[in-house]
Amino acid sequence: MRKRIFIIAFSIMTLMLVFYAVLSTQLFYDSAVLHTKGHLKVYMNAYSEEFSFDNYGAQAFSQQLNGVRVTFLDGNGTVTGDSEQPSLVGSAHVDREEVKLAQSEGEGYSVRSSDSIGADMVYYCVKTDSGYVRLALFTDSELGVFKDSVPTLAWFVFVIIIICMVFTYLASEHIISPVKKIARDAAMSREVKPPYPELKPVTDILNRRNMEVASKIKELSEEKELVERAQKSKNEFISNITHEMNTPLTSIKGYTELLSGGMLNGEQQKIAYSTILNQSERLTKLVSRVINYNELDNDELPSYEVNASTLLKDLISTLMPSMGKKSLSLKSDIEDGIIVNSRFERVNQVFSNLIRNAIRYNKEGGEIAITLKKEENGAVFSVRDTGIGISEKDIGRIFERFYTVDKSHNGVNGGFGLGLATVKKICKRSGWIISVESKIDEGTCFTVKIK
Ligand code: ADP
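Note that the structure is predicted; figures quoted are calculated from it, not measured.

Asks: Hey, could you go over helix 5 (residues 200-260) for me, with residue numbers and the actual values?
Replies: Spanning 61 residues, helix 5 covers 87 Å between terminal C-alpha atoms, matching the ideal 90 Å at 1.5 Å per step. When the local axis directions of helix 5 are compared, the greatest deviation, roughly 30°, occurs at Asn246, which is followed within four positions by the proline Pro248. Along helix 5, the residues classified as buried are Thr203, Asn207, Asn210, Ala214, Phe237, Ile241, Glu244, Pro248, Ile252 and Leu259. Positive phi appears at Gly262, one or two residues downstream of helix 5, with a value of about 65°.

This is the structure we're talking about:
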């Protein structure tokens, strides 16, 4: 860029200098000729008829004029005397411009290169009674004037080079330093202000780029967070399953060792076999629940219309014996003909998990209230119990996988902490909204808004 500025500045200044040199040469030359003409006119005043009209007279007059060339011509324009070229006598100068002008107007000037002397001369010719008197003085040619100015011009070119170099340095610094500052600022902050309006397009681009980079960084860090969360959740999942499997497996292994070692009597053997059977069933149940939970992620099966009212009524009748065992009383308010666009097993899982929990975590002789009602754009299902309730500390976590409030229930009541996680996942995939309200020792109410 500096090179370019230098070349442009140098070219402009040199062109101007040459233009000025040519113009001033012309002006100087014109002025010199004008002055010479003036001098010749004054010299001519010194002429008198006393000078003989021959070479001697011409030389005498020339001496009087300090060497100005004098030429005398007769009335026909033929040279009769010349102060510098006596041999010219007899040659016809009637065709010379100054002579022609003198013939027609009484006096005449001309500027030209002298044929006889070979230099530029200013001629002034006047008509007298004896013929024509012509005075001539040397003058510099235009080229000569120009040549004289060449050394000065060369100095000026040198000065121009220095000026251009300084100008280029200052101009480029003046232009580049704000750009450098913008680049520095852009690296430090999100928004850069243009130091002058011409740089606005540049700062606009930088600001846009900065915003894009910032949003990409945000996206990447969000993605990273997601990946980390997924990894953490996977690790937790594996450790939870391992933990859940460990208890029944330890129990099965222990009893099997005792049985194979023949260390148990008849009654103890019965207990051992029954425990092994129970724990095996529990393991099977755990595996099937985990498989079911994981399969929900890949469930791309098509939805169809499910009669939720009938499904719920049938479900309640199958759960009646469990309610009876705890002497629970049931209040149900189920609107007929509620159609849900889903799959039978998904609706069933949601209803059944929530009602089973309402039974499991209820108190002896408690109540359960189940409702299913039509709503604008869908239906609302709710199940309320008068059970043990959930504390504020736990309520935010009950939908997490393998989360159980009372760890001592774990295994005893058959809960793995996967029921609500499964319900939540189905709701999320179906676009349904699940909410919970609970008070410790008073009861819990789950509500599902079905679309
Ligand atoms: P679990 O198989 O242990 O019941 P869930 O995922 O269904 O697993 O429930 C998670 C935890 O939420 C349960 O361990 C229990 O402590 C609590 N919970 C769920 N439903 C109720 C309810 N109706 N009343 C009180 N606590 C409940």
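Asks: Help me get a handle on the site of the ligand, residues and values and all.
Replies: The immediate surroundings of the ligand are formed by 19 residues, with Asn357, Arg360, Tyr361, Asp385 and Leu420 found nearest. One of the side-chain N or O atoms of Arg360 is found 2.8 Å from an oxygen atom in the ligand. Within the complex, 97% of the 530 Å² of free accessible area of the ligand lies under protein. Listing elements by their share of the shell around the ligand, those giving two or more residues are helix 8 (344-360), helix 10 (419-430) and strand 12 (443-450). Tallied by class, the residues present in the shell around the ligand amount to ten nonpolar, seven polar and two charged.

Asks: An account of the packing of aromatic side chains is needed here, citing residue identities and associated values.
Replies: As enumerated under the stated definition, the model contains eleven aromatic pairs in all. Their ring planes at 20° and their centres at 4.5 Å tell us that Tyr109 and Tyr124 sit as a pair that is stacked. On the criterion of sequence distance, the pair formed by Tyr109 in strand 3 (residues 107-113) and Tyr124 in strand 4 (residues 120-127) is long-range, its members being 15 residues apart. Looking at Tyr109, the relative accessible area reads 22%, which means it is partly exposed.

Asks: Run through the sheet that holds strand 4, naming residues and quoting values.
Replies: Within the open sheet, the five strands sit side by side as 2-1-5-4-3. Their pairing is antiparallel. Whereas interior strands pair on both sides, the edge strands pair on one side only; in this sheet they are strand 2 (79-82) and strand 3. Sheet twist, expressed as the mean angle between neighbouring strand axes with direction ignored, is 20°. For strand 4 and strand 5 (residues 132-138), the ladder comprises seven bridges, and the chain directions are antiparallel. Within strand 5, the position partnered with Tyr124 by the bridge is Leu135. Contacts from helix 1 (residues 2-44) reach strand 3, strand 4 and strand 5, with the element oriented near 35° to strand 4. Relative to the sheet, helix 3 (residues 97-105) contacts strand 1 (69-73), strand 3, strand 4 and strand 5, its axis offset from that of strand 3 by approximately 170°.

Asks: Can you explain the pairing of strand 8 (residues 339-342)? Please cite residues and give values.
Replies: Of the two faces of strand 8, only the one carrying Val340 and Ser342 is buried; Ile339 and Asn341 on the other face are not. With four bridges joining them, strand 6 (residues 304-307) and strand 8 adopt antiparallel strand pairing. Considered in strand 8, the bridge of Tyr304 is made with Ser342.

Asks: Now, about the packing of helix 7 (residues 308-325) against helix 8: what can you tell me, with residues and values included?
Replies: Two elements in contact, helix 7 and helix 8, have axes separated by 10 Å at closest approach and are oriented at 35°. The hand of the helix 7/helix 8 crossing is right-handed. Mapping the contact onto sequence places Ala308, Leu311, Leu312, Leu315, Ile316, Leu319, Ser322 and Met323 in helix 7 and Phe344, Val347, Asn348, Phe351, Ser352, Ile355, Arg356 and Ile359 in helix 8. Considering only residue class, the contact of helix 7 with helix 8 consists of twelve nonpolar, three polar and one charged.

Basis of the calculations
- Residues numbered from 1 in each chain as written.
- Predicted model: local features only at pLDDT ≥ 70, side-chain atom pairs only at ≥ 80, totals over all residues.
- Heavy atoms only, no water.
- Helix = DSSP H or I, 4+ residues; strand = E, 2+ residues; numbered from the N terminus.
- Expected span 1.5 Å × (residues − 1).
- Bend = angle between axes of the 7 residues up to and from the residue.
- Buried < 20%, exposed > 50% of the residue type's maximum accessible area, 1.4 Å probe, protein only.
- Near = heavy atom within 4 Å.
- Polar contact = N/O pair within 3.5 Å; in protein donor to acceptor, adjacent residues only side chain to side chain.
- Areas by Shrake-Rupley, 256 points an atom, 1.4 Å probe, with all protein chains shown as cover.
- Nonpolar A, V, L, I, M, F, W, Y, C, P; charged D, E, K, R; others polar.
- Phe/Tyr/Trp six-rings, centres within 6.5 Å; stacked < 30°, edge-to-face > 60°.
- Pairing = 2+ DSSP bridges.
- Axes fitted to C-alpha atoms, helices over the stretch in contact; angles between N-to-C directions.
- Contact = heavy atoms within 4.5 Å.
- Left-handed = near helix turned anticlockwise from the far one by under 90°.

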